[in-house]
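Descriptive analysis of the structure
So you can see what is in the structure, the chains are spelled out below.
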Amino acid sequence: MPRSTPSPNPRGTVTAPAINIGIGEKDRAAIAKGLSQLLADTYTLYLTTHNFHWNVTGPMFTSLHTMFMTQYTELWNAVDPVAERIRSLGHAAPGSYAQFGKLSSVPDVPATPPKALEMVRILVQGHEAVARTARQLFPVVEKAGDEPTADLLTQRLTVHEQTAWMLRSLLEE
């Protein structure tokens, strides 16, 4: 079977072939848009968690400082797979504070660090917001038959729902 060779464009340079992964452009665009929101939410929650790691005080300092480090490290490791999935779908991944601010459903970290348990409450709400963002993307992903994105969303939901539960447990008396 002969290999296909890239065709030169009018300028004589070689161009990449059109994306043909079995998901149409309209669906890829919708999925990339939803993943961009997920990326913005994840990055915003990462920044909040890292800020709380730096600024936590009080009798729970050591345990919260360590827990927040574990959580922000997990969030940091999550942004790259989400961004790379957006790229795999043929779209640019957002990557500026301005873009994240427009896309994120997670509020920015408070200017003044709150008390430790208020930090925990804010993080519960943040993880639940990211879970909602991931969950609302499933219908278009399922319709398009996009199993890799569905798998990514399932992994993210598992982490965010479990983290929200663990953090919420700290707030119970």
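Please refer to the structure higher up on the page.
The text that follows walks through the structure, step by step, so that each part is easy to find. Everything numeric here is computed off the predicted structure, so don't read it as measured data.

Okay, the overall build of the chain next. The number of helices and strands found in the chain is 6 helices and 0 strands. The C-alpha atoms of the chain give a radius of gyration of 20 Å, which is well past the 16 Å a tight globule of 173 residues would have. Relative to its full complement of 173 residues, the chain shows a buried share of 41%. Sequence-distant contacts, at least 24 apart, represent 79% of the contacts inside the chain between residues at least 6 apart. As presented, the chain carries roughly 10,300 Å² of accessible surface, and 57% of it is formed by carbon and sulfur atoms. Distance between charge centroids for the chain: 8 Å, based on 15 positive and 16 negative side chains.

Right, let's talk about the nonpolar core for a bit. Counting residues in hydrophobic clusters, the biggest one holds 43 residues, and the most contacted among them are Leu35, Phe68 and Leu153. Those elements that provide at least two residues to this core are α1 (25-55), α2 (61-88), α4 (116-136), α5 (138-144) and α6 (147-171). Not counting residues within four places of it along the chain, the set of residues in contact with Phe68 comprises Thr49, Phe52, His53, Val56, Met119, Val120, Leu123 and Leu167.

All right, on to the packing of α4 against α6 then. Between α4 and α6, the shortest axis-to-axis distance is 8 Å and the interhelical angle comes to 155°. Here α4 is positioned roughly antiparallel relative to α6, judged by the angle of their axes. For the crossing formed where α4 meets α6, the hand is left-handed. Residues Leu117, Val120, Arg121, Leu123, Val124, His127, Glu128, Val130, Ala131, Ala134 and Arg135 of α4 lie in contact with α6, whose contacting residues are Leu153, Leu157, His160, Glu161, Thr163, Ala164, Leu167, Arg168, Leu170 and Leu171. When its residues are assigned to classes, the contact of α4 with α6 shows 13 nonpolar, 3 polar and 5 charged.

Another point: the pattern of salt bridges. This model, assessed by the stated rule, comprises 7 salt bridges. Close ionic contact of Glu25 with Arg28 constitutes a salt bridge, the shortest N to O distance being 2.9 Å. In this pair, Glu25 and Arg28 are both assigned in helix α1, 3 residues apart and thus about one turn of the helix distant. Residue Glu128 is joined to Arg168 by a salt bridge in which the shortest nitrogen-to-oxygen separation is 1.9 Å. In this pair, Glu128 is assigned in helix α4 and Arg168 in helix α6, connecting sequence segments 40 residues apart. Relative accessible area serves as the criterion here: at 28%, Glu128 is assigned to the partly exposed category. Residue classification places Arg168 among the partly exposed residues on the basis of a relative accessible area of 35%.

Taken N-terminus to C-terminus, the directions of α1 and α6 make an angle of 25°; their axes are 13 Å apart at the nearest point. Relative to α6, α1 is oriented roughly parallel. In this structure, α1 meets α6 at a crossing whose hand is left-handed. Within the contact between the two elements, α1 uses Ile31, Leu35, Leu38 and Leu45 and α6 uses Thr149, Leu152, Leu153, Arg156 and His160. Classifying every residue of the contact of α1 with α6 by side-chain character gives 6 nonpolar, 2 polar and 1 charged.

Along the chain, Thr149 falls in helix α6. Residue classification places Thr149 among the buried residues on the basis of a relative accessible area of 0%. Residue contacts for Thr149: discarding those within four places in its chain leaves Ile31, Leu35, Arg85, Leu89 and Val141.

This paragraph deals with the packing of aromatic side chains. Aromatic ring pairs: the centre-centre distance and the angle between the two ring planes describe each pair. Overall, the coordinates contain 7 aromatic pairs when judged by the stated rule. Aromatic side chains Tyr43 and Tyr46 sit 5.6 Å apart centroid to centroid with 55° between the ring planes, which places their arrangement in the tilted category. A residue pair is termed a helical-turn pair when its members lie 3 or 4 positions apart in one helix, as Tyr43 and Tyr46 do in helix α1 at 3 residues. Both residues of the pair, Tyr43 and Tyr46, count as buried.

Cut-offs used in this document
- Just so you know, the residues in each chain are numbered from 1, in the order the chain's sequence is written.
- Note on the predicted model: pLDDT of at least 70 is required for a residue's local features to be given, and 80 or more for side-chain atom pairs to be given and counted; whole-chain, interface and lining totals, by contrast, use all residues.
- Note that water and hydrogens are dropped before the side-chain values are worked out from all heavy atoms of the structure.
- Numbered from the N terminus, helices here are DSSP runs of H or I no shorter than four residues, and strands are runs of E no shorter than two.
- It is over C-alpha atoms that the radius of gyration is taken, and the globule rule equals 2.2 Å times the number of residues to the power 0.38.
- The cut-offs for exposure are 20% and 50% of the maximum accessible area for each residue type, with area from a 1.4 Å probe on protein chains only; residues under the lower value are buried, those over the upper are exposed, and the others partly exposed.
- Any pair of residues with heavy atoms lying within 4.5 Å of one another is described as a contacting pair.
- Each accessible area value is a Shrake-Rupley result obtained with a 1.4 Å probe; residue values ignore everything except the protein chains displayed when judging cover.
- His is not counted, nor are the chain ends, whereas Lys and Arg count as positive and Asp and Glu as negative.
- Working definition for charges: the position is that of NZ of Lys, CZ of Arg, CG of Asp or CD of Glu.
- Here, nonpolar core means buried Ala, Val, Leu, Ile, Met, Phe, Trp, Tyr and Cys residues that are tied together by side-chain atoms lying within 4.5 Å of each other.
- Every angle, taken between N-to-C directions, lies between 0 and 180 degrees, and every axis is a line fitted to C-alpha atoms, over only the stretch in contact when it is a helix.
- Any angle between 65 and 115 degrees counts as roughly perpendicular, while under 35 counts as roughly parallel, over 145 as roughly antiparallel, and the rest as oblique.
- Here a crossing is called left-handed whenever its near helix is offset anticlockwise from the far helix by less than a right angle, and right-handed whenever the offset is clockwise.
- Side-chain classes are defined by residue name, with Ala, Val, Leu, Ile, Met, Phe, Trp, Tyr, Cys and Pro counting as nonpolar, Asp, Glu, Lys and Arg as charged, and the others, Gly among them, as polar.
- Salt bridges are defined by distance alone: a side-chain nitrogen of Lys or Arg within 4 Å of a carboxyl oxygen of Asp or Glu.
- Pairing of aromatic side chains here covers Phe, Tyr and the six-membered ring of Trp, requires ring centres within 6.5 Å, and sorts the geometry by plane angle: under 30 degrees stacked, over 60 edge-to-face, intermediate tilted.

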